[in-house]
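# Fold and contact review
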Amino acid sequence: MTVSESAAEAELEVEAELLAGLESGVTTAGAPEERFDVEAPFRGTKIGDLPACGPDDVEVAFERARQGQEAWERRSVAERAEVFKRYHDLVIENCEELLDIVQLESGKARRHAYEEVLDVAMTARHYAYRAEDYLESEEREGALPGLTETEVHHHPVGVVGMITPWNYPLSLAVSDAIPALLAGNSVVIKPAEQTSYTALKAIELLREAGLPRDVFRVVTGHGKVIGEPLVAESDFVCFTGSTETGRIVASQAGEHLTKCSMELGGKNPGIVCDDADVDRAVEGLIRGCFTNAGQLCISIERLYVHEDVYGQFVEAFVDAIEGLHVGAGYDHDVDVGSLISEEQLEKVTDHVEEAKAQGATVLTGGTARPDLGPYFYEPTVLTDVDESMTLCANETFGPVVAVYEWSDEDDVIERANDSDYGLNASIWTEDHERGREMATQIETGTVNVNEGYAAAWASLDAPMGGMKNSGIGRRHGDEGIMKYTESQTVSVQKHLGMTNPPGVPHWLYAKLMNKTLKIQRHIPGMR
Ligand code: NAP
């Protein structure tokens with residue numbers, strides 16, 4: 001046996017240990033009839049296989065989740081919150097193992113996997129300490145001052161069905177589930193096939209933190225097979241993925257009149273202004289464009305640079321990109337990792353090759369890197385991109401950015417808004433007031449000034465989501481938890497009814513009411 005063979009065997013042993021036992025977290029009705037393979041994108045080889053669940057398995061998962069939800073809802077919000085405070089600590093304590101599994105399944109760089117650990121810990125902390133406030137019953141103004149006492153309660157919807165993608169497998173498996181669970185719901189999740197082990201590990205840690213098993217159930221397998229039964233059983237559907245699949249899932253939810261949130265794709269613009277700090281913009285936009293090899297819904301794929309700094313910016317940007325360390329390491333030194341799969345590599349390659357054929361200029365990158373691993377693609381900057389090219393308006397979801405020049409502020413805002421998507425935008429200017437003012441004119445759910453995406457994403461108190469074809473609803477903040485509740489208004493009518501009092505004829509009641517209405521309109525607090 002050669003040294004490299006034994007090193008490879010040792011690596012496989014470590015991987016087998018990481019994944020051992022996780023399959024027991026999958027809910028099945030019986031012995032699974034079908035299984036699907038999971039591979040390591042760094043080398044394109046199989047690392048395991050999991051049950052391809054069917055509609056029967058989904059039914060069992062929902063039965064269990066409904067049973068579990070009843071007892072879970074009876075716990076106080078404070079009791080539920082304790083689980084997530086412990087989870088916060090467990091995620092940090094198990095950081096290295098989580099990073100290993102995320103990297104193994106997704107092929108991303110460790111520094112980008114770490115963003116997921118941060119996100120999960122911060123989300124657990126935010127909602128664990130804020131859920132009581134968000135969910136507290138509130139007194140509201142009654143119909144008749146002094147006579148009607150009105151309050152609003154926030155009940156859990158029941159069982160939340162979640163369908164998640166592969167690009168942020170740890171974050172997206174639990175960060176949207178945490179508020180749903182804290183609101184007193186149970187959850188059934190179908191994670192992406194490529195990254196189901198990560199979801200299983202994240203949920204195993206939730207159980208370790210004290211979450212009852214039935215409150216969070218997992219079904220693994222093909223979205224096309226179990227997506228529909230999952231939607232049919234859900235009391236709320238939380239979908240994250242492509243706009244194309246989102247339309248299918250939303251229409252199925254519509255059939256059942258089931259509420260849903262849709263976190264979908266983007267073609268996000270970045271704007272570099274004439275007064276930008278160019279060095280800072282270069283650093284921030286490298287992260288903005290190439291984090292997770294561009295497989296990030298909020299990453300920047302269209303970059304508009306003011307003519308006054310265009311030359312300086314583009315030269316520094318390309319230089320910095322050419323110095324990036326692209327590779328397959330399990331340490332924090334790699335800047336850009338692999339794409340997830342052959343399919344993703346093909347999509348990125350097709351977009352770039354078509355653009356090249358139609359006249360786009362490649363300033364750097366533009367090719368796959370099979371020498372690093374089967375799905376690696378170089379960080380790529382293009383110019384001379386026009387509407388004849390698919391990547392001009394469509395999401396590439398890879399390490400590719402098209403750069404354009406601008407001179408007029410109104411015009412660049414119009415160009416940034418000229419998209420069917422509306423997820424995220426990034427503006428670079430030293431004048432924060434100018435940045436704020438431009439931001440309000442951009443039609444996206446989040447705008448980051450002097451940052452690519454992370455400032456708005458990590459502002460967990462504020463809503464995050466998409467306008468236009470980028471989605472329905474929001475995650476984070478109050479909207480991110482209240483969407484998983486049903487509001488109930490309870491009004492107690494005291495002393496008099498809601499009609500003419502006994503002995504007062506209705507014509508007189510109408511006259512008095514008209515006078516009262518006129519006065520009420522002028523009294524603050526009674527409007
Ligand atoms: P996708 O193909 O839409 O898949 C997402 C999930 O939907 C997967 O679990 C998939 O299962 C499942 N699915 C596929 N077909 C289905 C169907 N007919 N019914 C129900 N479920 C179905 O998206 P992706 O390629 O995994 O992820 C990339 C996309 O997600 C990009 O467009 C990105 O912008 C978007 N995204 C958005 C956000 C956001 O917050 N806005 C965050 C991350 C990603 P299988 O694994 O079995 O295919």
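I will try to describe carefully the structure that is included in this document. Here the structure is a predicted model, which is why all the values come from computation and not from measurement. (Residues numbered from 1 in each chain as written. Predicted model: local features only at pLDDT ≥ 70, side-chain atom pairs only at ≥ 80, totals over all residues. Heavy atoms only, no water.)

Strand order across the open sheet formed by three strands is β3-β4-β20, with antiparallel pairing between neighbours. A strand with exactly one partner marks an edge of an open sheet, and here the two such strands are β3 (138-140) and β20 (485-493). Sheet twist, expressed as the mean angle between neighbouring strand axes with direction ignored, is 30 degrees. Two strands pair when backbone bridges link them, and strand β4 (residues 148-156) and β20 are joined in this way by nine bridges, in the antiparallel orientation. Across the sheet, the residue bridging to H153 is Q488, located in β20. (Pairing = 2+ DSSP bridges. Helix = DSSP H or I, 4+ residues; strand = E, 2+ residues; numbered from the N terminus. Axes fitted to C-alpha atoms, helices over the stretch in contact; angles between N-to-C directions.)

Reading across from one edge, β12-β13-β14-β11-β10-β16-β17 is the order of the seven strands in this open sheet, with mixed pairing throughout. What marks the edges here is a single partner per strand, and that holds for β12 (361-364) and β17 (446-449). Put simply, the sheet's adjacent strands are angled 25 degrees from each other on average, direction ignored. Here strand β10 (residues 268-272) runs beside strand β16 (residues 424-428); their pairing, made up of three bridges, is parallel. Pairing of G270 across the sheet is with S426, part of β16.

Further remarks concern the nonpolar core. F84, Y87, V160, L181, L211 and F216 are the most contacted members of the largest nonpolar core, which totals 82 residues. In this view, F216 contacts A173, V174, A177, L181, V187, I189, I203, L206, R207 and L211; residues no more than four positions away in its chain are not counted. Ranked by size, the runner-up nonpolar core spans 57 residues in total, among them C273, Y310, V318 and V412. (Core = buried A, V, L, I, M, F, W, Y, C linked by side-chain atoms within 4.5 Å. Buried < 20%, exposed > 50% of the residue type's maximum accessible area, 1.4 Å probe, protein only. Contact = heavy atoms within 4.5 Å.)

Another point: the pairing of β4. Only one face of β4 is buried, namely the one carrying T148, T150, V152, H154 and P156, since none of E149, E151, H153 and H155 on the opposite face is buried. Pairing geometry for β3 and β4, over three bridges, is antiparallel. Among the inter-strand pairings, E139 is bridged to a residue of β4, identified as E151.

Let's shift gears to the pattern of salt bridges. Pairing between side chains of opposite charge can happen when the charged atoms of each approach one another. Tallied over the entire structure, the rule returns 32 salt bridges. Between K108 and E116 there is a salt bridge, and its shortest N-O distance comes to 2.6 Å. The pair formed by K108 and E116 is uniform in burial state, with each residue classed as buried. A salt bridge links E409 to R434, with the nearest nitrogen and oxygen atoms 2.9 Å apart. Here R434 lies in helix α16 (residues 432-441) and E409 lies in helix α15 (residues 409-417), a separation of 25 residues in the sequence. Given a relative accessible area of 26%, E409 falls into the partly exposed group. Overall, R434 belongs to the buried group, its relative accessible area being 18%. Salt bridges sharing partners connect three or more residues here, namely E23, R35, D37, K46 and D49. (Salt bridge = Lys/Arg side-chain N within 4 Å of Asp/Glu carboxyl O.)

Time to look at the packing of aromatic side chains. For the coordinates displayed, the defined rule picks out eight aromatic pairs. Considering the side-chain rings of F236 and Y484, the 5.2 Å spacing of their centres and the 70 degrees angle between planes classify their relative orientation as edge-to-face. Here the residue F236 occupies a position in strand β8 (residues 236-240), and Y484 occupies one in the loop between α18 (477-482) and β20, the gap between them amounting to 248 residues. Residue classification places F236 among the buried positions, given a relative accessible area of 2%. (Phe/Tyr/Trp six-rings, centres within 6.5 Å; stacked < 30°, edge-to-face > 60°.)

Taken together, 29 residues sit near the ligand, with T164, E193, S242, L264 and E395 positioned nearest. In the model, an oxygen atom of the ligand is placed 3.1 Å from a nitrogen or oxygen of the K190 side chain. One of the side-chain nitrogen or oxygen atoms of T245 is found 2.8 Å away from an oxygen atom of the ligand. Calculation on the ligand without its partners gives an accessible area of 910 Å², and the protein chains cover 87% of this total. Listing elements by their share of the shell around the ligand, those giving two or more residues are α9 (223-233), β8 and α10 (243-255). The class makeup of the residues in the shell around the ligand is 12 nonpolar, 11 polar and six charged. Taken together, domain 1 (17-262 + 479-485) and domain 2 (268-461) each give at least three residues to the shell around the ligand, which thus spans both. (Near = heavy atom within 4 Å. Polar contact = N/O pair within 3.5 Å; in protein donor to acceptor, adjacent residues only side chain to side chain. Areas by Shrake-Rupley, 256 points an atom, 1.4 Å probe, with all protein chains shown as cover. Nonpolar A, V, L, I, M, F, W, Y, C, P; charged D, E, K, R; others polar. Domains from an automatic or database assignment.)

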